[in-house]
Every structure is written in structure tokens, then in C-alpha cells.
Amino acid sequence: AAVAGTVACLVACALTIDGSLPNGLPFEGISLWSTALGIFSYLLTLLLWRPWKLVFLDIGCINQEDASAKTQGILSMGGILKHSR
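Residues numbered from 1 in each chain as written. Predicted model: local features only at pLDDT ≥ 70, side-chain atom pairs only at ≥ 80, totals over all residues. Heavy atoms only, no water.

**Some thoughts on helix α2 (residues 33-48)**
For α2, built from 16 residues, the straight-helix expectation of 22 Å at 1.5 Å per residue is met to within 8% by its first-to-last C-alpha distance of 22 Å. What α2 keeps buried is the set Ser34, Gly38, Ser41 and Thr45. The arc that holds the buried residues of α2, viewed along the axis, is 75 degrees, so those residues lie on one side. In α2, the exposed positions angled more than 90 degrees off the buried face are occupied by Phe40 and Leu47. (Helix = DSSP H or I, 4+ residues; strand = E, 2+ residues; numbered from the N terminus. Expected span 1.5 Å × (residues − 1). Buried < 20%, exposed > 50% of the residue type's maximum accessible area, 1.4 Å probe, protein only. Arc of directions from axis to C-beta.)

Structure follows, in C-alpha cells:
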């Protein structure tokens, strides 16, 4: 969230210097765009961020063609899951 807020703040600052965003009236010479967009994107990121969920796909990790390899893979599933994150 802090990174998103900082990036939004820097983009707004660059756009204000470039003249794409208007200067902050009634405070002549001071732009509030950077602060407003930084806070907005920070809060938006905090509200909408969803952590990634790790998934173990046994069909992709265990040989499905060879019956003996598949049995061996299923039997060692406990050790695989124990050492996974």
C-alpha cells in the first residue's frame, strides 16, 4: 500500500510539474494533487488488496500415466506437503 501511494504521489507530482494537472488553488504554487492521490491510492490498496493463495496441483506434480509412479507420488504426498510453504 505504501508503494502504491508513493507511486501515485510521484506521478501526480510529475503531472503537476508538466502542467497536465492544474495548480492547487487557492494555495498558489502548492499542489494538493500529490497528497490527495497518494492517500487515495494508499487507502484503495489497503481495502482491495487480496493476498495470493498458493495452490498445490497434485495432477501436475504426480505422474498420472504410470500407475506405480502415481502410487509412489500419492504415498509421498505427506512428505511433500510437510515441506511445502
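**Comments concerning the state of the cysteines**
Overall, the coordinates contain 0 disulfides when judged by the stated rule. Looking at Cys9, it has no disulfide partner, and the nearest cysteine sulfur is the one in Cys13, 6.6 Å off. On the basis of relative accessible area, Cys9 is assigned to the partly exposed category, the value being 28%. Cys13 sits in the partly exposed class, given a relative accessible area of 32%. (Disulfide = S-S within 2.5 Å.)

**Considerations on the side chain of Thr45**
Following the sequence through the fold, Thr45 ends up in helix α2. By relative accessible area, which is 19% here, Thr45 ends up buried. Among residues more than four places away in sequence, those in contact with Thr45 are Ala1 and Ala4. (Contact = heavy atoms within 4.5 Å.)

These values are about where atoms sit, not about what they do.
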